[in-house]
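# Observations on chain architecture
Below are the chains, spelled out letter by letter.
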Amino acid sequence: MLTTINSGDTAWMLISAALVFLMTPGLAFFYGGLVRKKNILSILMQCMTVVCIVSLQWVLFGYSLSFGPNHNGWIGTLAWAGLHGVGAEPNLEYCGTIPHTAFMIYQAMFAIITPALILGAFAERMKFSAFCLFTLLWSTLVYDPVAHWVWGVGGFLRAGGVLDFAGGAVVHINAGVAALATALVLGKRQGYPKHISPPHNLPFAVLGAMMLWFGWFGFNAGSALGASGLAASAFVATHIAAATAGLTWAFLDWIFSKHPTVLGMITGAVGGLVAITPAAGFVNLWGAIAIGIGVSVICYMSVAVVKEHFGYDDSLDAFGVHGVGGMWGSIATGLWATKTINANGANGLFYGNPTQLLIQVKATLAIAIYSFGMSWILLKGIDALIGLRVSEQSERIGLDLTQHRESGYTLLD
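Residues numbered from 1 in each chain as written. Predicted model: local features only at pLDDT ≥ 70, side-chain atom pairs only at ≥ 80, totals over all residues. Heavy atoms only, no water.

### Some points on the packing of aromatic side chains
Throughout the structure, instances matching the rule amount to 30 aromatic pairs. Measuring from ring centre to ring centre gives 5.2 Å for Y94 and F103, while their planes differ by 15°; the resulting arrangement is stacked. An identical accessibility class is assigned to Y94 and F103; each is buried. Taken together, the ring pairs connect W58, Y63, F67, W80, Y94, F103 and Y143 into an aromatic cluster. (Phe/Tyr/Trp six-rings, centres within 6.5 Å; stacked < 30°, edge-to-face > 60°. Buried < 20%, exposed > 50% of the residue type's maximum accessible area, 1.4 Å probe, protein only.)

### Observations concerning the environment of A79
Position of A79 among the secondary structure elements: in the loop between α2 (40–67) and α3 (100–122). C-alpha of A79 to C-alpha of G32: the two residues are 47 residues apart in sequence and 39 Å apart in space. Each residue touching A79, except ones within four places of it in the same chain, is listed here: S64, P69 and H84. (Helix = DSSP H or I, 4+ residues; strand = E, 2+ residues; numbered from the N terminus. Contact = heavy atoms within 4.5 Å.)

### A few points about helix α10 (residues 285–310)
For an α-helix, 3.6 residues make a turn, and residues three or four places apart therefore share a direction. Its 26 residues place the ends of α10 36 Å apart at the C-alpha level, agreeing with the 38 Å of an ideal helix rising 1.5 Å per residue. Along α10, the sharpest change in direction is near 35° and occurs at S302. Regarding α10, the residues found buried are G287, A288, I291, G292, G294, V295, S296, C299, Y300, S302, V303 and K307. Summarising the contacts, the buried residues of α10 are in contact with α8 (229–257), α9 (262–276) and α11 (318–336). The N-capping residue of α10, defined by a side-chain oxygen 3.1 Å from the backbone nitrogen of W286, is N284. Following α10 by one or two positions, G311 adopts a phi angle in the positive range, close to 80°. (Expected span 1.5 Å × (residues − 1). Bend = angle between axes of the 7 residues up to and from the residue. Polar contact = N/O pair within 3.5 Å; in protein donor to acceptor, adjacent residues only side chain to side chain.)

### Quick notes on the pattern of salt bridges
Per the counting criterion, the structure on display carries 6 salt bridges. The residue E124 makes a salt bridge to R189 at a minimum N-O spacing of 2.9 Å. Placement of E124 in the loop between α3 and α4 (128–151) and of R189 in the loop between α6 (168–186) and α7 (202–221) is noted, with a sequence separation of 65 residues between them. Overall, E124 belongs to the buried group, its relative accessible area being 2%. R189 gets classed as buried once you look at its relative accessible area, which sits at 8%. The closest approach of N and O atoms between R389 and E395, which form a salt bridge, is 3.0 Å. Residue R389 is classed as partly exposed on the basis of its relative accessible area, which comes to 27%. What makes E395 buried here is its relative accessible area of 4%. What you see here is one network of salt bridges that share partners, running through R36, E124, R125, R189 and D313. (Salt bridge = Lys/Arg side-chain N within 4 Å of Asp/Glu carboxyl O.)

Everything listed here is a matter of coordinates, which is why it stays silent on function.
As structure tokens, this is what we get:
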């Protein structure tokens, strides 16, 4: 079958790939602004390192493991290792109007940001060497299989009808649950919770959150894989869910803490972006608004009540926002999905199809259990091999100086 590359689709997908790439430096500023000033460079360095490690892993074998032509339901083969057979011609099984390389590099940006999200749970206390090894192993043994299950041709969750438009399960549940495992294995920061300083630079965090919001349009609208009406619908749903969630969290702060806060609003907005990710190409405006309200209520409870009750130190709420928000978004897709938005999708519970809700719940549980279990095993193995956590003295001094011999700020000139 002859195919013709559509220049409009190709241009949109290359722009979308660049937008998703921008999310990782956005995440660096978001997380970097929330830690203490003695650890900001460690956050920036970790995000930069993820870009480099995962980019190489992806082209050498990660893309092939995630999307390679095996059709066994569990993992791709190495048929596309080193991008063998991945060229300028479209691949009809994934997207028939853009070069295969465009699809590959777009998916690379998802593979990059996913392990970067996890560092929000172990900020300020993991050794850089352990971080590098964990990133490589986790990307290979957790991200790549899960991506194949949900998005790869023949993946067993894809074949079972699960809806995950842009990575609510593959990215956010996957990374968020791994973040919880990391926080539990590493343990609390020294002085947590009574002697931990507040965010050292909220303007950086706001900048990072807005960069994430901007890049998320490529994340979600780009997942339409073309310049189309579906891309426009996903764009609108993404924006409205984020705006709704940010406003909802600010109201919750106002009610329970007597003041609406900047930190609360940006946390809510990011939560809205997380939750709409699996649903963006399947729900209408009202579904997006409902998802935005729901995620702020649920994640607010997770961060303000559940974390405090159980006492785990999820430093920057990677699990509380990405894990919990991703679970809500995946399940909510089974509530509000409608084929009037995407004929290739499915109707959810509120549109007469309760089976879709059950499919979404099963997929959420399967990915959460696998990610938590494998992450725990990897962390314990790395700890036994080279150690996970910096020394108490290094933690007190800060990771910028002890891990990188640099400082984020010059206090005296």
